[in-house]
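# Fold and geometry: a report
Read off the chains here:
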Amino acid sequence: MTRSALPAAPEPQADIMAALGSGLLLGEAMPVRRIDTHCASIFLAGDRAWKVKRAVRFPYLDFSTPDLRRQALEAELRLNRRTAPGLYHRVHAMTRQADGELALDGAGETVDWVLEMTRFPDGALLSERAAKGPLDQAMLATLVDGMVAFHRGADVVDTPSGSARFRRAIEGNIDSLDAVAEGLEADKVARLVAALRVAMSAQSALLDRRAAAGRVRHLHGDLHLGNIALVDGVPLPFDCLEFDEELATIDTLYDLAFLLMDLWHRGLRAEANLVFNRYLDLMPEDADGVALLPMFIALRATIRAHVLAAQAARHP
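Worth saying up front: this structure is predicted, and the values here are computed from it rather than measured.

### As for the sheet that holds strand β7 (residues 102-104)
In space, the six strands of this open sheet follow the order β1-β2-β3-β8-β6-β7, with antiparallel pairing throughout. Unpaired on one side and paired on the other, β1 (33-36) and β7 mark the two borders of the sheet. Direction aside, neighbouring strands of the sheet carry axes that sit 25 degrees apart on average. The pairing of strand β6 (residues 88-96) with strand β8 (residues 109-118) spans eight bridges and is antiparallel. Note that in β8 the partner of threonine 95 across the bridge is threonine 110. Sitting on the sheet, helix α2 (residues 66-80) touches β3 (48-53), β6 and β8, and the angle it makes with β8 is about 20 degrees.

Written out as structure tokens, the structure is:
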């Protein structure tokens, strides 16, 4: 049976988005800039960014109730402080007062939640900088050094089967492709699905060995150029995969693979080569997993495909 994304009706959050967008709720007299992603809206006002989870439900996440959105924002705050502690401040309750007006942390009924963050400068995202040309090699080296330190310090997850965990990731993303099938070329999707399953069978033993060696950890999970900002000259990964610990508990090389895929897709081959080689120089214990990278990168590209297809379906 084909499953489709099931966005909740927009009415429950319409007044919340309007209040944040107007700036009145934030106490800002200046204009507020709004950025929408596939599952959140971010409002930029002054030196702050305010993030609201949108009331949506997909095969891989559910933000359809205020309590689920609260849990996701609290996890986002806690987990992103691992790599970008200066960007993340606190989660606020959005309350409705007796007169019907909305307030932050008021005495009325809590109707939603918002995450307060530091706003970084426009053009700070590495995706924006990459669109203008090559990326600075020294900056990329600093990024890799931070990634390696983060990977080394991340919680190791004792899992009985690395292959079973990754097989679930593959099948989950196949389900997500199925949910947006009308927006994709069926023959290409069929070839991709078949290739992923063949590669999975071929690499099962290696995935299991790496899991047994402690290479499966609770990591960033969404490490592409759009989730890395250059702040005061330092590249900071932020906006990690927070809504499902299972999906973010992955092989260290699978975390790296999203960044490699993004660089390669943008034609930044020298940058991808630098990142890959520096990472292995600093993390030689991952060298045995290099054979997994084609499969890892292919699944990262699959994620990019179904997310973009879902966005296109909502905004034709």
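### Quick notes on the pairing of strand β11 (residues 234-237)
By the bridge criterion, four bridges tie strand β10 (residues 228-231) to β11 in an arrangement that is antiparallel. Among the inter-strand pairings, valine 231 is bridged to a residue of β11, identified as valine 234. Between β10 and β11, which pair antiparallel one after the other, the connecting turn spans two residues, and aspartate 232 there sits at a positive phi close to 55 degrees.

### Regarding the packing of helix α5 (residues 162-179) against helix α10 (residues 293-314)
Their axes nearest at 9 Å, the elements α5 and α10 cross at an angle of 30 degrees. Accordingly, the angle class assigned to the pair α5 and α10 is roughly parallel. The hand of the α5/α10 crossing is left-handed. The residues of α10 that touch α5, namely those facing Phe166, Ala169, Ile170, Asn173, Ser176 and Leu177, are Met295, Phe296, Leu299, Thr302, Ile303 and His306. Among the residues making up the contact of α5 with α10, the classes are represented as eight nonpolar, four polar and no charged.

How each quantity is defined
- Residues numbered from 1 in each chain as written.
- Predicted model: local features only at pLDDT ≥ 70, side-chain atom pairs only at ≥ 80, totals over all residues.
- Heavy atoms only, no water.
- Pairing = 2+ DSSP bridges.
- Helix = DSSP H or I, 4+ residues; strand = E, 2+ residues; numbered from the N terminus.
- Axes fitted to C-alpha atoms, helices over the stretch in contact; angles between N-to-C directions.
- Contact = heavy atoms within 4.5 Å.
- Parallel < 35°, antiparallel > 145°, perpendicular 65-115°, else oblique.
- Left-handed = near helix turned anticlockwise from the far one by under 90°.
- Nonpolar A, V, L, I, M, F, W, Y, C, P; charged D, E, K, R; others polar.

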